[in-house]
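Structural overview
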Amino acid sequence: MSTLQKILDHKLIAIIRGANPEDTLNIVRSLYEGGIRVVEITMNSPKALSAIEMVADTFGKEMAVGAGTVLDPESARSALLAGAQFILSPTLKAETIRMTKRYGAVSIPAAYTPTEILEGYEQGGDIIKVFPATTLGPKFIKDMGGPLPQIPLLPTGGVGLNNIKDYLAAGAAGLGIGSSLVNTKEEITEEYLVRLTEKAKQFTLAAKN
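Residues numbered from 1 in each chain as written. Predicted model: local features only at pLDDT ≥ 70, side-chain atom pairs only at ≥ 80, totals over all residues. Heavy atoms only, no water.

**Quick notes on unusual backbone geometry**
Rules: Per the convention used, a helix needs a DSSP run of H or I reaching at least four residues, while a strand needs a run of E reaching at least two, with both numbered from the N terminus. Each residue's exposure class comes from its accessible area (1.4 Å probe, protein chains only) as a fraction of the maximum for that residue type: buried when under 20%, exposed when over 50%, partly exposed otherwise.
The linkage connecting F131 with the following residue, P132, adopts the cis geometry, with an omega of -5°. Relative to the assigned elements, P132 resides in the loop between β7 (128-130) and α7 (137-144). The backbone phi angle of K11 is positive, close to 70°, even though this residue is not glycine. Relative to the elements of secondary structure, K11 occurs in the loop between α1 (3-10) and β1 (12-16). Residue classification places K11 among the partly exposed positions, given a relative accessible area of 25%. Of note in this structure, T69 is not a glycine but carries a positive phi near 55°. Along the polypeptide, T69 turns up in the loop between β3 (64-68) and α4 (73-82). The class for T69 is buried, based on a relative accessible area of 19%.

**Notes on the sheet that holds strand β4 (residues 86-88)**
Short version of the rule: Two strands form a pair only when DSSP identifies at least two bridges running between them. Lines fitted to C-alpha atoms define the axes here, with helix axes fitted over just the stretch in contact, and angles between the N-to-C directions of these axes take values from 0 to 180 degrees. We call two residues contacting when some pair of their heavy atoms lies within 4.5 Å.
Taken in spatial order, the six strands line up as β5-β4-β3-β2-β1-β9 in an open sheet, and their pairing is parallel. The strands lining the two open edges of the sheet, one partner per strand, are β5 (106-108) and β9 (175-177). Recorded for the sheet is a direction-independent mean angle of 25° between the axes of neighbouring strands. Here β1 runs beside strand β2 (residues 38-42); their pairing, made up of three bridges, is parallel. Bridge pairing in β2 places I15 opposite E40. Against the sheet, helix α3 (residues 48-59) makes contact with β2 and β3, and its axis sits at roughly 160° relative to β2, the strand it touches most.

**Digging into the packing of α4 against helix α5 (residues 94-102)**
Stated precisely, the cut-off is as follows: Note on terminology: angles under 35 degrees are roughly parallel, angles over 145 are roughly antiparallel, angles of 65 to 115 are roughly perpendicular, and the others are oblique. Here a crossing is taken to be left-handed if its near helix is turned anticlockwise relative to the far helix by less than a right angle, and right-handed if that turn runs clockwise. Nonpolar residues are Ala, Val, Leu, Ile, Met, Phe, Trp, Tyr, Cys and Pro. Charged residues are Asp, Glu, Lys and Arg, and all others, Gly as well, are polar.
It is at 8 Å that the axes of α4 and α5 come closest, and there the two elements cross at 25°. Accordingly, the angle class assigned to the pair α4 and α5 is roughly parallel. In this structure, the crossing between α4 and α5 has a hand that is right-handed. Contact residues: α4 offers P73, A76, R77 and L80, while α5 offers E95, T96, M99 and T100. By residue class, the composition of the contact of α4 with α5 is four nonpolar, two polar and two charged.

**A word on the side chain of S107**
Inspection of the secondary structure assignment puts S107 in strand β5. Classification of S107 by relative accessible area gives buried; the value is 3%. Discounting chain neighbours no more than four positions away, the residues touching S107 are I87, I97, T100, K101, G124, G125, D126 and I127.

**Regarding the nonpolar core**
Nonpolar side chains in soluble globular proteins tend to end up buried together. Worth spelling out the cut-off: As used here, the term nonpolar core means buried Ala, Val, Leu, Ile, Met, Phe, Trp, Tyr and Cys residues forming a set that is joined through side-chain atoms within 4.5 Å.
Counting residues in hydrophobic clusters, the biggest one holds 57 residues, and the most contacted among them are L31, V39, I117, I164, L175 and L181. A per-element tally of this core places helix α9 (residues 190-208) first, with seven residues. Core analysis: the next-biggest nonpolar cluster, separate from the first, contains 10 residues, L88, V106, I108 and L154 among them.

**Structural notes on the environment of R102**
In this structure, R102 sits in helix α5. The exposed category is assigned to R102, whose relative accessible area is 62%.

**Concerning the sheet that holds strand β8 (residues 153-155)**
An order of β6-β7-β8 is seen for the three strands of this open sheet, with the pairing classed as parallel. With one partner strand each, in any of the chains shown, β6 (110-111) and β8 form the two edges of the open sheet. For β7 and β8, the ladder comprises three bridges, and the chain directions are parallel. When the bridges of β8 are listed, V130 appears paired with P155. Lying on the sheet, helix α6 (residues 114-122) is in contact with β6, β7 and β8; it crosses β7 at an angle near 155°.

All quantities given are derived from atomic positions and should not be read as evidence of function.
Here's what the structure looks like:
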């Protein structure tokens with residue numbers, strides 16, 4: 001299964017931001033046990049490239065790993081060489097999209113308006129991240145389905161168990177899930193990891209129903 005297909009099938013991208021590299025594998029393992037199959041490690045995390053490489057080497061095809069908060073083509077290239085299979089950005093930058101596509105990876109640039117959504121798609125974005133979705137909500141996703149039904153949208157920011165179904169019902173192709181799933185500000189203990197697996201199961205179930 002291609003990375004793009006895996007994202008579209010599983011719908012959820014778990015965002016790991018700011019985790020210590022030594023905790024990352026345990027976090028990803030707990031997410032995997034809870035049914036998550038796509039994770040994003042943000043580039044502003046400590047030793048992000050090492051973390052991406054570790055996850056890619058350990059999980060292989062079982063877990064699609066990508067780099068998030070990618071601001072420029074140089075960072076995208078570094079992440080791809082470390083093993084990232086997809087690149088997410090909080091902004092729209094044509095050079096970053098081109099670099100990602102040059103390496104045959106999935107490009108997910110961010111947009112906030114209909115104009116940016118279309119531009120990101122025309123530049124080669126496979127999925128367009130709608131960010132921050134917190135202020136736009138599911139209705140915006142539904143409204144975009146009228147004029148731009150061909151463009152897969154990935155709302156990110158403020159997505160939680162309380163609104164997953166609303167976003168998917170509105171036509172979202174997938175969802176970026178941040179601290180409502182993986183909160184790295186908490187201490188990463190055995191108890192935390194058990195709770196994380198349970199939470200991942202709840203998210204996975206909500207995305208299926």
